[in-house]
Amino acid sequence: MRRNLNQLLLVYKNAKNAQSRAAACYRIGLFHDNNSREAETIPWYRKALGYGLSRRVETRARSWLASSLYKTGNFPGALRECRKAMKMTREPKLLKFLQGLQTRIIRGVQK
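All values reported here derive from a predicted model rather than from experimental measurement.

### Things to note about unusual backbone geometry
The phi angle of most residues is negative, glycine excepted, and most peptide bonds adopt the trans form.
So, step 1. The phi torsion at Ser36 lies on the positive side, around 55°, for a residue other than glycine.
So, step 2. By the secondary structure assignment, Ser36 is in the loop between helix H2 (18–34) and helix H3 (38–51).
So, step 3. By relative accessible area, Ser36 is classed as exposed at 57%.

So, in structure tokens, the structure goes:
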């Protein structure tokens with residue numbers, strides 16, 4: 001089932017525990033991310049991380065948060081989250097994405 005923002009917000013509102021709230025926040029973050037709304041994505045990923053996620057999902061949340069921070073010009077925050085995610089992952093594709101992101105962030109800092 002394809003979700004819209006109102007459905008996702010309703011799931012978040014009705015979440016009964018931290019694990020459910022974390023998952024809902026992560027999905028809302030992804031929704032905004034997939035619709036190129038990085039500034040709206042950032043607080044939702046941060047909330048998800050605050051509630052606590054499984055290591056695998058946390059790694060992805062930090063990766064996408066780093067990307068959104070980079071796209072909104074927050075290079076220090078992006079680099080911090082990127083490096084945390086790089087330490088957490090063993091997935092070759094995700095690591096390659098993060099290495100490329102780290103390079104772009106560093107270039108952005110140097111400008």
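Next, the rest of the story.
### Observations concerning the packing of helix H1 (residues 5–14) against H2
So, step 1. At a minimum axis separation of 8 Å, H1 and H2 run at an interaxial angle of 160°. As far as their axial angle goes, H2 and H1 are roughly antiparallel. Of the two possible hands of crossing, H1 and H2 adopt the one that is left-handed. Contacts from Leu5, Leu8, Leu9, Val11 and Tyr12 of H1 reach H2 at Arg21, Ala24, Cys25, Arg27, Ile28, Phe31 and His32.
So, step 2. By residue class, the composition of the contact of H1 with H2 is nine nonpolar, one polar and two charged.

### So, the packing of aromatic side chains
So, step 1. Enumeration according to the criterion identifies four aromatic pairs in this entry.
So, step 2. Here the aromatic rings of Tyr26 and Tyr45 are separated by 6.0 Å at their centres, their planes lie at 45°, and the arrangement is tilted. Within this pair, whereas Tyr26 is found in helix H2, its partner Tyr45 is found in helix H3, the two being separated by 19 residues in sequence.
So, step 3. On the basis of relative accessible area, Tyr26 is assigned to the buried category, the value being 11%.
So, step 4. With relative accessibility at 0%, the residue Tyr45 sits in the buried group.
So, step 5. When the centroid spacing of 5.6 Å and the interplanar angle of 70° are considered together, the rings of Trp64 and Phe97 count as edge-to-face. With Trp64 in helix H4 (residues 55–71) and Phe97 in helix H6 (residues 92–110), this pair connects stretches of sequence that are 33 residues apart.
So, step 6. By relative accessible area, Trp64 is classed as partly exposed at 22%.
So, step 7. Above the ring of Trp44, the side-chain terminus of Lys47 is found at 4.3 Å from the ring centroid.

Thresholds, definitions, all that
Residues numbered from 1 in each chain as written. Predicted model: local features only at pLDDT ≥ 70, side-chain atom pairs only at ≥ 80, totals over all residues. Heavy atoms only, no water. Helix = DSSP H or I, 4+ residues; strand = E, 2+ residues; numbered from the N terminus. Buried < 20%, exposed > 50% of the residue type's maximum accessible area, 1.4 Å probe, protein only. Axes fitted to C-alpha atoms, helices over the stretch in contact; angles between N-to-C directions. Parallel < 35°, antiparallel > 145°, perpendicular 65-115°, else oblique. Left-handed = near helix turned anticlockwise from the far one by under 90°. Contact = heavy atoms within 4.5 Å. Nonpolar A, V, L, I, M, F, W, Y, C, P; charged D, E, K, R; others polar. Phe/Tyr/Trp six-rings, centres within 6.5 Å; stacked < 30°, edge-to-face > 60°. Lys NZ or Arg CZ within 6 Å of the ring centre and 35° of its normal.

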